[in-house]
Amino acid sequence: MPSTEAYLMLSGALFSVGLLGVIIRRNMITVLMSIELMLNAVNINFVAFSHRLAGLEGQVFTIFVITVAAGEAAVGLAIIIQLYRLKSTVNVDEARELNG
Amino acid sequence: MDSLTANMPLLVFAIIGAIAFASSILVVAMRNPVHSALFLLLTFLCVAVLFVMRGAEFVGAVQILVYAGGIMVLFLFVVMLINVRHLPDERVLSNFWKGGFAVFLGLFILFTTMVRPGVYHDEIANKRRLGSNARHITRRIHNADGTVTTKHIARYKWSGGNSEAVGTALYTDYLVPFEIASLFLLVAMIGAIVIGKRELSAIEEETAPAYMLERVATEKEVKEAMSA
C-alpha cells in the first residue's frame, strides 16, 4: 500500500501547482480552476489521514469542502460573467477599479 | 509475478498520481481555457481513484458526481458562453509571474521535504471503523467516594459499507454542519442568480434586443397597475 506520506507529498505538489496558477495566470477562469485544484489537494490530505487514523471525520469534512467548492465556483463564475459584460475581458489585470 | 501483485496498489498510486500531477501542471500551462478545463477534469478523476484506494468510496463517488458532473459543466458552460479568443501573441502570464514561480518553488520544496515518515499519529491497522456506524451511549459510573459521574462512550458497529457509515455520520454526529451546508448552498444559489442577472442600464438599452425591451416595458406596466 502507498504510505500516507506519499499521499501528503502528492497533495502538497497539487496545492503548490494550484497556487502557482492563482498567482501567474491572467485569465480569471483559469485562476478559478486553480483554486479548485487547491481545494482538491486539501481533500486528498483529509482522506489520507481519515484512512490512517481509521476515522470517518476526514471523509465527512471532505464532503463539506466539496460543497463549499461548488458554491464558490457558482458565485465566482457569476462574477466573471458580470466582469465580462462590464469590461469585455476576463483578464485579472484589467479589473483595477478598486486600485487606490 | 508475486511481487507485482503484492505491489499493485503502489504501482496504481504511482501511475495515477503522476497523471494527476502532470494534468494539474497542464491546467495551469494551457492557453485555451477549454483545454485547461478538460485537464482539470482528468485531475479530478485521478483524485477520485486515489480516494477509492484509501477506502473512501462514497467521497470518490461524490467527487465524480459533483466535480466532474457539476462544476466542470459549469466551467465549460461559462467558457463557451463568454467565448474568449486568445490571440497567439497575447500574454498569458500576469505581471507577478516571477514572484509566482518563486513562491511555487519555495512551497513545493517545503511541502515535499516537510513530509517525514513517522512524525504523525501511528497508523491504526483496524480499518473497520471506516465502514461502521457510531452509537453513543452514556454510562453512569459510581465512584468510590459515593459520587456519580457520567461517561460518554462511542460504540462502533460494522454497517457493511462506507456509504452507509458516512451517511449515518452526516445525519447524526454532523447534523448541524450538514444543515448549515444546505443553507450555504441556498445562499450561494441565490447569490449566483442575483449576481449573474442581466440588468438593462441606460447605455445597453440601445443595443438590447427588442424582446427584452418589450419585457421590461410590460413589467413596468404591471408594476404601475399593481401600485394603482
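This text goes with the structure placed above it.
Residues numbered from 1 in each chain as written. Chains lettered and ligands numbered in written order. Predicted model: local features only at pLDDT ≥ 70, side-chain atom pairs only at ≥ 80, totals over all residues.

Attention now goes to helix α2 (residues 8-29) of chain B. Counted at 1.5 Å a residue, the expected span for α2(B) with its 22 residues is 32 Å, and the 31 Å between its end C-alpha atoms agrees. What α2(B) keeps buried is the set B:Phe13, B:Gly17, B:Ala20, B:Ser23, B:Ser24, B:Val27 and B:Val28. Projected onto a plane normal to the axis of α2(B), the buried residues spread over an arc of 145° and lie on a single side. Facing away from the buried side of α2(B) by over 90 degrees, the exposed positions are B:Met8, B:Leu11, B:Ile15 and B:Ala18. Looking at the buried residues of α2(B), the elements they touch are α1 (4-24) and α2 (28-52) of chain A together with α3 (33-53) of chain B. (Helix = DSSP H or I, 4+ residues; strand = E, 2+ residues; numbered from the N terminus. Expected span 1.5 Å × (residues − 1). Buried ≥ 20, exposed ≤ 12 C-beta atoms within 10 Å, placed from the backbone. Arc of directions from axis to C-beta. Contact = placed C-beta atoms within 7 Å.)

This part is about the pairing of strand β2 (residues 148-158) of chain B. Residue and element names in this part refer to chain B. Where burial is concerned, little of β2 is hidden: zero out of the 11 residues are buried. One ladder, built from 11 bridges, connects strand β1 (residues 132-142) with β2; its direction is antiparallel. Opposite Ser 132, over in β2, you have Trp 158 as the bridge partner. Where β1 folds back on β2, the antiparallel hairpin that results is connected by five residues, among which Gly 146 adopts a positive phi of roughly 95°. (Pairing = 2+ DSSP bridges.)

Look at α1(A) against α2(B): their axes get within 9 Å of each other, and the N-to-C directions meet at 10°. Between α1(A) and α2(B), the crossing angle belongs to the class labelled roughly parallel. Residues A:Ala6, A:Leu10, A:Ala13, A:Leu14, A:Val17, A:Leu20 and A:Gly21 of α1(A) form the contact with α2(B), whose participating residues are B:Phe13, B:Gly17, B:Ala20, B:Phe21, B:Ser24, B:Ile25, B:Val27 and B:Val28. Here the contact of α1(A) with α2(B) is composed, by residue class, of 12 nonpolar, three polar and no charged. (Axes fitted to C-alpha atoms, helices over the stretch in contact; angles between N-to-C directions. Parallel < 35°, antiparallel > 145°, perpendicular 65-115°, else oblique. Nonpolar A, V, L, I, M, F, W, Y, C, P; charged D, E, K, R; others polar.)

This part covers the interface of chain B and chain A. Each side of the interface is counted separately: chain B has 76 residues, and chain A has 63 residues. Among the secondary structure elements, those contributing two or more residues to the side of chain B that touches chain A are α2, α3, α4 (57-82), α5 (97-114), α6 (162-171) and α7 (175-196) of chain B. In terms of residue count, α4(B) provides more of the side of chain B that touches chain A than any other element does, 13 residues in total. Along the lines of polarity and charge, the residues of the side of chain B that touches chain A split into 55 nonpolar, 16 polar and five charged.

Next up on the list: the nonpolar core. Membership of the largest hydrophobic core comes to 64 residues, with the highest contact counts inside it found for A:Leu14, A:Ile29, A:Met33, A:Leu37, A:Ile44 and B:Val47. Elements with a contribution of two residues or more to this core: α1, α2 and α3 (57-87) of chain A together with α2, α3, α4 and α6 of chain B. Residue-level mapping places this core at the junction of two domains, with at least three residues from each of domain 1 (2-86) and domain 2 (128-197) of chain B. If we skip the residues at most four places from it in the chain, B:Val47 touches A:Asn40, A:Ile44, B:Ala20 and B:Gln63. (Core = buried A, V, L, I, M, F, W, Y, C linked by C-beta atoms within 7 Å. Domains from an automatic or database assignment.)

Within the secondary structure, A:Phe49 is located in helix α2. Along the sequence, A:Phe49 and A:Met9 sit 40 residues apart, while their C-alpha atoms lie 13 Å from each other.

Attention now moves to unusual backbone geometry. Here A:Ala54, not a glycine, exhibits a phi torsion of approximately 50°, which is positive. Assessed through the 17 C-beta atoms surrounding it within 10 Å, A:Ala54 is described here as partly exposed.

This next bit is on the environment of A:Ala73. Its place among the elements puts A:Ala73 in helix α3. When the 25 C-beta atoms within 10 Å are taken as the criterion, A:Ala73 is described as buried. Counting along the chain gives 41 residues from A:Ala73 to A:Leu32, while the straight-line C-alpha distance between them is 7.3 Å. Those residues in contact with A:Ala73 that sit more than four places away from it in its chain are A:Leu32, A:Glu36, B:Ile71 and B:Leu74.

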